[in-house]
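# Geometric and topological summary
Take a look at the letters that make up each chain.
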Amino acid sequence: MTMERLLRGETFRTTLDEQMVLNQLDQGDDAVWSLLLASGYLKVEYYEFNTARRRAEYVLKLTNMEVQMMFEQMIGGWFGGCRGVSNAFLQALLTDDVKAMNTYMNKVALQTFSYFDTGKNPSEEEPERFYHGFALGMMVELADRYVLTSNRESGFGRYDVMLEPKGQQDPAVIMEFKVQDAGERELSDTVQEALQQIDERDYQTVLTAKGIPEEKIRKYGFAFCGKKV
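Residues numbered from 1 in each chain as written. Predicted model: local features only at pLDDT ≥ 70, side-chain atom pairs only at ≥ 80, totals over all residues. Heavy atoms only, no water.

## Section: the overall build of the chain
Each helix and strand in the chain was counted, giving nine helices and nine strands. Looking at the chain alone, contacts between residues at least 24 apart form 55% of all its contacts between residues at least 6 apart. For the chain, the exposed area adds up to about 13000 Å²; of that, 49% sits on carbon and sulfur atoms. (Helix = DSSP H or I, 4+ residues; strand = E, 2+ residues; numbered from the N terminus. Contact = heavy atoms within 4.5 Å. Areas by Shrake-Rupley, 256 points an atom, 1.4 Å probe, with all protein chains shown as cover.)

Structure follows, in structure tokens:
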């Protein structure tokens with residue numbers, strides 16, 4: 001997750017248009033990075049012109065420690081209203097307490113989700129991205145114990161979220177998020193579809209290739225419908 005890397009003081013590479021205007025901010029991440037660069041919150045560490053893509057590529061990072069602290073406080077404020085609940089969710093995740101995970105995730109959803117987030121037609125792509133992004137935000141606190149990645153290739157597809165342990169004492173975690181479709185009667189059906197996708201597309205390949213045994217890889221499916229998880 002790019003914001004997590006920035007908050008750790010790291011750089012990231014992106015293509016962007018320095019002439020981006022405000023009415024283009026909904027067209028992709030490049031527009032947001034362009035705005036932050038123009039506003040002085042990001043600085044250019046390295047620049048080159050990609051002849052194949054015919055676009056400028058930049059390696060960016062936050063301008064200074066003061067900006068980094070500002071973003072940390074801002075993101076903390078977004079999740080401040082559910083901080084205790086989200087911490088309880090992470091504890092349940094680490095102890096493999098699925099019942100508690102369900103309880104806490106539903107509490108977080110009730111406290112923070114709105115109709116405008118989840119959309120009228122939940123099977124559309126944007127609402128699923130919202131659920132995915134929200135769960136990622138909750139798990140940023142595990143950065144000291146895990147390498148957190150999202151939407152990377154492994155096996156025969158792209159997993160939603162993977163937690164690769166930094167130490168041998170912790171298990172690895174693969175997560176798949178699904179929004180309930182009209183043809184699925186129960187959320188439990190949607191969960192089974194998510195779990196089936198993890199196995200069929202062999203998402204654990206990247207973990208087993210690094211020597212993590214399959215018995216130390218946990219697989220979780222999350223099903224959403226509005227504020228219900």
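## Some thoughts on empty space enclosed by the protein
Counted by the stated rule, this structure contains one cavity of 30 Å³ or more. In this structure, the largest cavity encloses a volume near 30 Å³. Every residue along the wall of the largest cavity is listed here: L93, L94, L142, Y146, L163, P171, V173 and R218. (1 Å grid on protein atoms, 1.4 Å probe; cavity = no way out; pocket = protein on both sides within 12 Å on 5 of 7 lines; lining within 4 Å. Points joined across faces, edges and corners; volume = space filled by probe spheres on them.)

## Here's the deal with the pairing of strand β3 (residues 55-62)
β3 sits mainly inside the fold: six of its eight residues count as buried. Judged from the four bridges that link them, strand β1 (residues 12-15) and β3 form a sheet pairing that is antiparallel. Note on β3: the bridge partner recorded for R13 is V59. Of the strand pairs in this sheet, strand β2 (residues 42-50) and β3 are connected by eight bridges, and their pairing is antiparallel. Following the sheet pairing, L42 is matched in β3 by L62. (Buried < 20%, exposed > 50% of the residue type's maximum accessible area, 1.4 Å probe, protein only. Pairing = 2+ DSSP bridges.)

## Observations concerning the sheet that holds strand β4 (residues 146-150)
With mixed pairing, the four strands of this open sheet are ordered in space as β4-β7-β8-β9. Both outer strands of the open sheet, β4 and β9 (217-224), are each paired with one neighbouring strand and no more. Each neighbouring strand pair of the sheet contributes to a mean axis angle of 15°, computed without reference to strand direction. Where strand β8 (residues 172-179) lies against β9, eight bridges are found, and the strand directions are parallel. Bridging from a neighbouring strand, I174 pairs with K219 of β9. Sheet contacts for helix α8 (residues 187-200): β8 and β9; angle to β9, the most-contacted strand, approximately 140°. (Axes fitted to C-alpha atoms, helices over the stretch in contact; angles between N-to-C directions.)

## So, a nonpolar patch on the surface
Nonpolar side chains collect at one region of the surface, where V44, Y47 and F49 lie side by side and expose about 300 Å² of accessible area between them. With respect to the element layout, V44 can be found in strand β2. (Patch = residues over 30% accessible without salt bridge, like charges linked within 9 Å, V, L, I, M, F, W, Y side chains within 5 Å. Salt bridge = Lys/Arg side-chain N within 4 Å of Asp/Glu carboxyl O.)

## Considering the nonpolar core
With 29 residues, the main nonpolar core has L93, M139, L163, M175 and F222 as its most contacted residues. Put simply, the parts of the chain that give this core at least two residues each are α4 (83-94), α5 (98-112), α7 (125-139), β4, β7 (161-165), β8 and β9. The dominant element in this core, judged by the number of residues it contributes, is α7, at six residues. Aside from chain neighbours lying at most four places away, what touches L163 is L93, M139, L142, Y146, V147, L148, P171, A172, V173 and M175. One finds W33, Y58, L60 and F71 within the second-largest nonpolar core, a separate group that totals eleven residues. (Core = buried A, V, L, I, M, F, W, Y, C linked by side-chain atoms within 4.5 Å.)

## Re the packing of aromatic side chains
The full count for this structure, using the stated rule, is five aromatic pairs. Among the aromatic residues, those joined into a ring-pair cluster are F89, F177, F222 and F224. (Phe/Tyr/Trp six-rings, centres within 6.5 Å; stacked < 30°, edge-to-face > 60°.)

## Let's talk about the confidence of the model for the chain
In the predicted model, the chain carries a mean pLDDT of 77, and the fraction of residues at 70 or more is 73%. The secondary-structure element of the chain with the lowest mean pLDDT is helix α6 (residues 115-118), recorded at 46, while helix α9 (residues 205-208) shows the highest, at 93. Between residues 21-25, whose pLDDT stays under 50, and residues either more than four places distant or in other chains, the model counts five contacts. (pLDDT = per-residue confidence, 0-100.)

## Here's the deal with the environment of R55
Within the element layout of this structure, R55 appears in strand β3. R55 sits in the partly exposed class, given a relative accessible area of 30%.

## Thoughts on α8
The first and last C-alpha atoms of α8 sit 20 Å apart over 14 residues, in line with the 20 Å expected at 1.5 Å per residue. By the burial criterion, the buried members of α8 are L187, T190, A194, Q197 and I198. Each buried residue of α8 sits inside an arc of 100° when the element is viewed along its axis, so together they form one side. Just downstream of α8 lies D202, where phi reads positive at about 55°. (Expected span 1.5 Å × (residues − 1). Arc of directions from axis to C-beta.)

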